[in-house]
Each structure stands twice: as structure tokens, then as C-alpha cells.
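Read off the chains here:
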Amino acid sequence: MDKPTQQRIQALHPTVRDEVLKIIGECDKALIGKAKVRITQGLRTDAEQAALYAQGRTAAGPKVTNAKAGQSIHNYGFAVDICLIIDGKVASWETAKDWDNDGVADWMECVAIFARYGWTWGGSWKTFKDMPHFEKRGLTWQALSKKKKDKAGYVIV
């Protein structure tokens, strides 16, 4: 597991940190070839979310989210986005490539591992598919936004 991934896990909500460590560890163990998982996004501030929401609307670039600040599970530390790092150098978001030649696309191996731990994949959404995105199942931004926060700024669940 690389340093950026470890750092992003440590910023997630404290209740999912150990679980995400296990998930990424299992993904890396399952990917016996040249691909390893990197978390590219974890906890996201409201300002970061607002900037992403502005893309394709009031800022340059394509639309990448329909979630305004406070409306993303990332804002509460219960979501991650991933990519695959190939040969320790190149980032890939290729969902169909079988880098380890075991007959299953590496991305889909990770999707299955996340699912076993109760995480929803953005690639399975009916609209606005978000292939790199995984979030803890059963949580909504509406419910999370109403919760009190601890001294560190995390919602109390």
C-alpha cells in the first residue's frame, strides 16, 4: 500500500479506517500482477466539493459530480475514489483490463472485495455512473448532515 493511500485512509471517518485498510490490503493481495490500488480521494472538504461541483457549470472542465458541498458521502469521510497504479508508475482507471491474467478484470476484483465489506460501487448507479467511487452502504448525506460532530469534525455515528 503506497503512502498517498495510507494518508488518505487516515483522514477518513475513524469508524471505517481499519475496514478500508483491510479492503485495500485484500485488493492488493488479489491483484497478483502489476496493478495495485491507490485511493485518489477520501475525505473531501466542503470547499473541495464546491469546486468539483462548479466544474462544467461555472468553472472550466467537464461535470464530474452532481453533489454540492455537504451532499457527498466524501464530505463525511465514508467514501473513497480509487485508481490502479500499474508497475508502480502509471495511474489507470481501466475497468476491463485483467493485468494479472487471472480471467477477471482487476477493477472488478476490487469491486467484489468492497461489496463484501458493505460498500456500494458508483459504477452500479443507474444514472451518472462514477466508476472510481465506493461508499459505505446505508449512509445518506441527508442523514449525515443532521448529525452532531465530534471535536475533530467527524460526524458522530
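In what follows, the structure referred to is the one given above.
Note that the coordinates shown come from a computational prediction; the quantities given were computed from them, not determined experimentally.

Attention now moves to the packing of helix 2 (residues 17-30) against helix 4 (residues 106-116). Interhelical geometry of helix 2 versus helix 4 gives an angle of 150 degrees and a closest axis separation of 9 Å. Helix 2 and helix 4 meet at a crossing whose hand is right-handed. Between helix 2, through Ile23, Ile24, Glu26, Cys27 and Ala30, and helix 4, the contact on the second element is made entirely by Glu109, Cys110, Ile113, Phe114 and Arg116. Looking at side-chain class alone, the contact of helix 2 with helix 4 contains seven nonpolar, no polar and three charged residues.

A few words now on the state of the cysteines. In the structure shown here, the tally under the stated rule is zero disulfides. We note that cysteine 83 lacks a disulfide partner, and the nearest cysteine sulfur, in cysteine 110, lies 11 Å from it. Judged by its relative accessible area of 1%, cysteine 110 is buried.

Quick look at the pattern of salt bridges now. Tallied over the full model, the rule gives four salt bridges. The closest approach of N and O atoms between arginine 44 and aspartate 81, which form a salt bridge, is 3.3 Å. With a gap of 37 residues between them, arginine 44 in the loop between strand 1 (35-41) and helix 3 (46-54) and aspartate 81 in strand 2 (residues 79-86) connect regions that are remote in the sequence. Taking the relative accessible area as the measure of exposure, arginine 44 reaches 6% and is therefore buried.

This part covers the packing of helix 1 (residues 3-11) against helix 2. Contact pair helix 1 / helix 2: the axes reach a minimum separation of 8 Å and the direction vectors enclose 155 degrees. With respect to each other, helix 1 and helix 2 are oriented roughly antiparallel. Helix 1 and helix 2 meet at a crossing whose hand is right-handed. Every residue of helix 2 that contacts helix 1 at Thr5, Ile9, Gln10 and Ala11 is listed here: Arg17, Val20, Leu21 and Ile24.

Its 14 residues place the ends of helix 2 20 Å apart at the C-alpha level, agreeing with the 20 Å of an ideal helix rising 1.5 Å per residue. Listing the buried residues of helix 2 in full gives Arg17, Val20, Ile23, Ile24, Cys27 and Asp28. Down the axis of helix 2, the buried set is contained in an arc of 130 degrees. They therefore lie on one face. Away from the buried face of helix 2 by more than 90 degrees, exposed residues Asp18, Lys22 and Lys29 are located.

Negative phi characterises most residues that are not glycine, and trans characterises most peptide bonds. In this model, aspartate 87 sits at a positive phi of 55 degrees, which is unusual for a non-glycine residue. Position of aspartate 87 relative to the elements: it lies in the loop between strand 2 and strand 3 (90-92). A positive phi angle is found at phenylalanine 128, which is not glycine, with a value near 50 degrees. Among the secondary structure elements, phenylalanine 128 is positioned in the loop between strand 4 (119-121) and strand 5 (133-136).

What counts and how
Residues numbered from 1 in each chain as written. Predicted model: local features only at pLDDT ≥ 70, side-chain atom pairs only at ≥ 80, totals over all residues. Heavy atoms only, no water. Axes fitted to C-alpha atoms, helices over the stretch in contact; angles between N-to-C directions. Helix = DSSP H or I, 4+ residues; strand = E, 2+ residues; numbered from the N terminus. Left-handed = near helix turned anticlockwise from the far one by under 90°. Contact = heavy atoms within 4.5 Å. Nonpolar A, V, L, I, M, F, W, Y, C, P; charged D, E, K, R; others polar. Disulfide = S-S within 2.5 Å. Buried < 20%, exposed > 50% of the residue type's maximum accessible area, 1.4 Å probe, protein only. Salt bridge = Lys/Arg side-chain N within 4 Å of Asp/Glu carboxyl O. Parallel < 35°, antiparallel > 145°, perpendicular 65-115°, else oblique. Expected span 1.5 Å × (residues − 1). Arc of directions from axis to C-beta.

Such coordinate-based values are descriptive only and should not be taken to indicate function.
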